[in-house]
Amino acid sequence: MTSTFKIRPARTSDVPAIKALVAPLAEQRILMAKETVAYFEGIQELRVAEADGEVIGCGALHVMWEDLAEIRTLASAESWRGKGVGHALVEWLLDEARALGVERVFCLTFEVGFFTRHGFEVMADQSAVDPSVYSELLRSHDEGVAEFLDLARVKPNTLGNTRMICRL
């Protein structure tokens, strides 16, 4: 195994590898499990870390509103943890958020220390959007938006996670 990797946009052929990266973390309830179709539907948002032709990490940036996005589906292969894969993916995704004009990036995580090192803070103010935006976001069917809004219907899946935000 080399110690170098590259970040690139995900391809549809990467979906099985992405699912394989997420599966053990979903079993541990660190990440939320998704149906295969959800990975295909969100393929444009996904980035992968690749080493020697193998997908060793993944992450996605999901735009929620004009100034708000979420980092989701952040995972790395166990053998690559602690080697900068997650760091590189988060930095790439934050750069993409900046390029899109997003001012704040949200995540729901158990890895508070990791995200703190990337400029995220625990959300002290749970009303991070104004009431008119909140009412618009309520119309979304996206689970990430429900998590951000802290809606009761996602509570069983998100117990113990910390809501964090980074201002760019």
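Here, every reference points to the structure presented above.
Residues numbered from 1 in each chain as written. Predicted model: local features only at pLDDT ≥ 70, side-chain atom pairs only at ≥ 80, totals over all residues. Heavy atoms only, no water.

A. Structural detail: the overall build of the chain. Broken down by element type, the chain carries seven helices and seven strands. Of the regular secondary structure in the chain, the N- to C-terminal order runs β-α-α-β-β-β-α-β-α-β-α-α-α-β. Evaluated residue by residue, the chain yields a buried proportion of 48% over its 168 residues. Counting contacts in the chain only where the partners sit at least 6 residues apart, residues at least 24 apart contribute 69% of the total. With an accessible surface of roughly 8,800 Å², the chain has 53% of that area assigned to carbon and sulfur atoms. (Helix = DSSP H or I, 4+ residues; strand = E, 2+ residues; numbered from the N terminus. Buried < 20%, exposed > 50% of the residue type's maximum accessible area, 1.4 Å probe, protein only. Contact = heavy atoms within 4.5 Å. Areas by Shrake-Rupley, 256 points an atom, 1.4 Å probe, with all protein chains shown as cover.)

B. Highlighting the packing of aromatic side chains. Applying the stated rule across the entire model yields three aromatic pairs. Residues F114 and F115 carry aromatic rings whose centres are separated by 5.1 Å and whose planes lie at 90 degrees to one another, so their mutual orientation is edge-to-face. Grouping residues by exposure puts F114 and F115 together as buried. Each ring, one from F115 and one from F120, has its centre 5.1 Å from the other, and the planes form 80 degrees; the classification is edge-to-face. The same class applies to F115 and to F120, which are both buried. Clustering of aromatic rings is evident, with ring pairs tying together F114, F115 and F120. (Phe/Tyr/Trp six-rings, centres within 6.5 Å; stacked < 30°, edge-to-face > 60°.)

C. Structural detail: the pairing of strand β4 (residues 68–76). Here β4 lies mainly inside the structure; nine of its nine residues are buried. Pairing of β4 with strand β5 (residues 104–109), which is carried by three bridges, proceeds in the parallel orientation. Of the residues in β5, the one forming a bridge with L68 is R104. Chirality of the crossover, the property in question, places the unit of β4, helix α3 (residues 85–100) and β5 among those that are right-handed. (Pairing = 2+ DSSP bridges. Right-handed = clockwise from strand over helix to strand, strands pointing away.)

D. Structural detail: the sheet that holds β4. As summarised here, the arrangement of the seven strands in space is β1-β2-β3-β4-β5-β7-β6, forming an open sheet in which the pairing is mixed. Because the sheet does not close on itself, it has two edges, and the strands there are β1 (6–9) and β6 (121–122). As judged from the two bridges shared by β6 and strand β7 (residues 162–167), these two strands associate in the antiparallel manner. Counted as the bridge partner of E121 is I165 from β7. Along the sheet, helix α1 (residues 15–27) makes contact with β2 (46–51), β3 (54–65) and β4, crossing β3 at roughly 85 degrees. Here α3 sits on the sheet and contacts β1, β2, β3, β4 and β5; the angle it forms with β3, its principal contact strand, is near 30 degrees. (Axes fitted to C-alpha atoms, helices over the stretch in contact; angles between N-to-C directions.)

E. Structural view of the pattern of salt bridges. Inspection of the entire model under this criterion finds eight salt bridges. In this structure, the salt-bridge partner of D14 is R8, at a minimum N-O distance of 2.8 Å. The same class applies to D14 and to R8, which are both buried. For E96, the salt bridge goes to R47, with nearest N and O atoms at 2.6 Å. With a gap of 49 residues between them, E96 in helix α3 and R47 in strand β2 connect regions that are remote in the sequence. Connected via shared salt-bridge partners are K6, R8, R11, D14 and E50. (Salt bridge = Lys/Arg side-chain N within 4 Å of Asp/Glu carboxyl O.)

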